[in-house]
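Chain residues, written in single-letter form:
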Amino acid sequence: MTDRAYNPDEIRAVGKKVSQLSPKIKQAGTGLDGLGGDSMFGELPSSGAISAALKKFVSGARKEFDAGAEQASSTGASLAKIAGRMDADEEEGARTFRGRQPE
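Note that the structure is a prediction, hence the values are computed from the model and not measured.

Undergrad: Honestly, the pattern of salt bridges in this entry has me stumped. Any pointers?
TA: Think of it this way: side chains of opposite charge can pair up when their charged atoms draw near. Enumeration over the complete set of coordinates arrives at three salt bridges. The salt bridge partner of Asp87 is Arg12, with a shortest N-O separation of 2.8 Å. Residue Asp87 is found in helix α2 (residues 47–97), and its partner Arg12 is found in helix α1 (residues 8–30); the two are separated by 75 residues along the sequence. As a salt-bridge pair, Asp66 and Lys26 come within 3.0 Å of each other at their nearest N and O atoms. Of the two residues, Asp66 sits in helix α2 while Lys26 sits in helix α1, which places them 40 residues apart along the sequence. Relative accessible area serves as the criterion here: at 32%, Asp66 is assigned to the partly exposed category. Lys26 sits in the partly exposed class, given a relative accessible area of 40%. Here the salt bridges share partners, and the residues they tie into one network are Asp9, Arg12 and Asp87.

Definitions and cut-offs
- Residues numbered from 1 in each chain as written.
- Predicted model: local features only at pLDDT ≥ 70, side-chain atom pairs only at ≥ 80, totals over all residues.
- Heavy atoms only, no water.
- Salt bridge = Lys/Arg side-chain N within 4 Å of Asp/Glu carboxyl O.
- Helix = DSSP H or I, 4+ residues; strand = E, 2+ residues; numbered from the N terminus.
- Buried < 20%, exposed > 50% of the residue type's maximum accessible area, 1.4 Å probe, protein only.

Structure (structure tokens):
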């Protein structure tokens, strides 16, 4: 073990926490529901247009939450992969300093 300034185990732990955010982010997007029909704003002359605009907004917001959930998953996986590479690099360095040649 070296006096390194990073800790792969902590990086893995952070990656796991980030990955665990993914379903919560997705759920936030799917929680945008309960939209009524074209008359949800009552008898306003523009009720249908307002309703359509709100539905379009909600649809766009859901897509953004889905993208955020995907980003959380991929970021968590990347952090885990980085930690693994750090471990492998350290093991390779230790092997090299012991004078062993690659097999």
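This is not the end of the story, as more comes after the structure.
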